[in-house]
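Letter by letter, the chains look like this.
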Amino acid sequence: RHLLGAGTATITVTDAGNEYFTAAQVSKTITVKAKTHQIPAEIEAEHYTTKSGVNVTRWSNSVFYLNSWATNDYAEYTINVPEDGTYPLEIFAATPATGKKLKIMKGSTLLKSVTINKTPNLTRFLSTKTTITLQKGIQKIRVVGEVGGFNFDRMKIGSGTTGGGGNEGSDDVF
């Protein structure tokens, strides 16, 4: 799952053979289905439905992240929201510079713009907290590079509160 992301890959194994065995080749196509994340959830960056402009990078045996975000690069995630409401959102990203931003989009609608907290380097992932207003049901949201120059590790979308209007589209950093 970490290596392929959602989609298909074909693996082919070939043996040239020798005087005792004939040459042989076999191929197998593997399909990895996109995961629907049930909210509340902690969503690893590499568990995207689709992406553009960023690559999965392996930092250690167990840490994977999406690296080198530029403006308009994105990763899309399929989520299932239990009810309309305002949800806590925590972004884990790394950038040694100030002013780097990402935004959360649903289609062409801006749900939230987030200024990423400065970190000591590009592999020290620290938290930036805010809230996001979501509607009930299965939907796709995109994490989009607004001001590039950061790496993205994961996000947490917590349990929501209903009825609140939230502060949609604003730039909240806690």
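Relevant structure appears above.
Below or above, wherever it landed, is the structure these notes cover. (Residues numbered from 1 in each chain as written. Predicted model: local features only at pLDDT ≥ 70, side-chain atom pairs only at ≥ 80, totals over all residues. Heavy atoms only, no water.)

1. Quick look at the nonpolar core
Step number 1: Core analysis: the largest hydrophobic core is formed by 29 residues, its most contacted members being Leu66, Tyr77, Ile104, Phe152 and Met155.
Step number 2: Not counting residues up to four positions away in its chain, the partners in contact with methionine 155 are Ala41, Glu42, Ile43, Tyr77, Leu89, Glu90, Ile91, Ile141 and Val143. (Core = buried A, V, L, I, M, F, W, Y, C linked by side-chain atoms within 4.5 Å. Buried < 20%, exposed > 50% of the residue type's maximum accessible area, 1.4 Å probe, protein only. Contact = heavy atoms within 4.5 Å.)

2. Regarding the packing of aromatic side chains
Aromatic ring pairs are defined here through the distance separating the ring centres and the angle between the ring planes.
Step number 1: Scanning all chains against the criterion turns up 3 aromatic pairs.
Step number 2: Note on tyrosine 65 and phenylalanine 125: the rings are 5.1 Å apart at their centroids and 55° apart in plane angle, and the pair reads as tilted. A residue pair is termed long-range when its members are at least 10 positions apart, and tyrosine 65 in strand β7 (residues 64–69) and phenylalanine 125 in the loop between β11 (109–115) and β12 (126–134) qualify at 60 residues.
Step number 3: Since its relative accessible area comes to 7%, tyrosine 65 is described here as buried.
Step number 4: Aromatic pair tryptophan 69 and phenylalanine 150: ring centres 5.3 Å apart, planes at 15°, arrangement stacked. Residue tryptophan 69 is located in strand β7, and its partner phenylalanine 150 is located in strand β14 (residues 150–157); the two are separated by 81 residues in the primary sequence. Like phenylalanine 150, tryptophan 69 is buried.
Step number 5: What links up through ring pairs into an aromatic cluster is the set Trp69, Phe150 and Phe152.
Step number 6: The ring centre of tyrosine 74 lies 3.6 Å from the NZ or CZ of arginine 142, which sits over that ring.
Step number 7: Of note, arginine 154 hangs over the ring of phenylalanine 92, and the distance from its end group to the ring centre comes to 3.7 Å. (Phe/Tyr/Trp six-rings, centres within 6.5 Å; stacked < 30°, edge-to-face > 60°. Helix = DSSP H or I, 4+ residues; strand = E, 2+ residues; numbered from the N terminus. Lys NZ or Arg CZ within 6 Å of the ring centre and 35° of its normal.)

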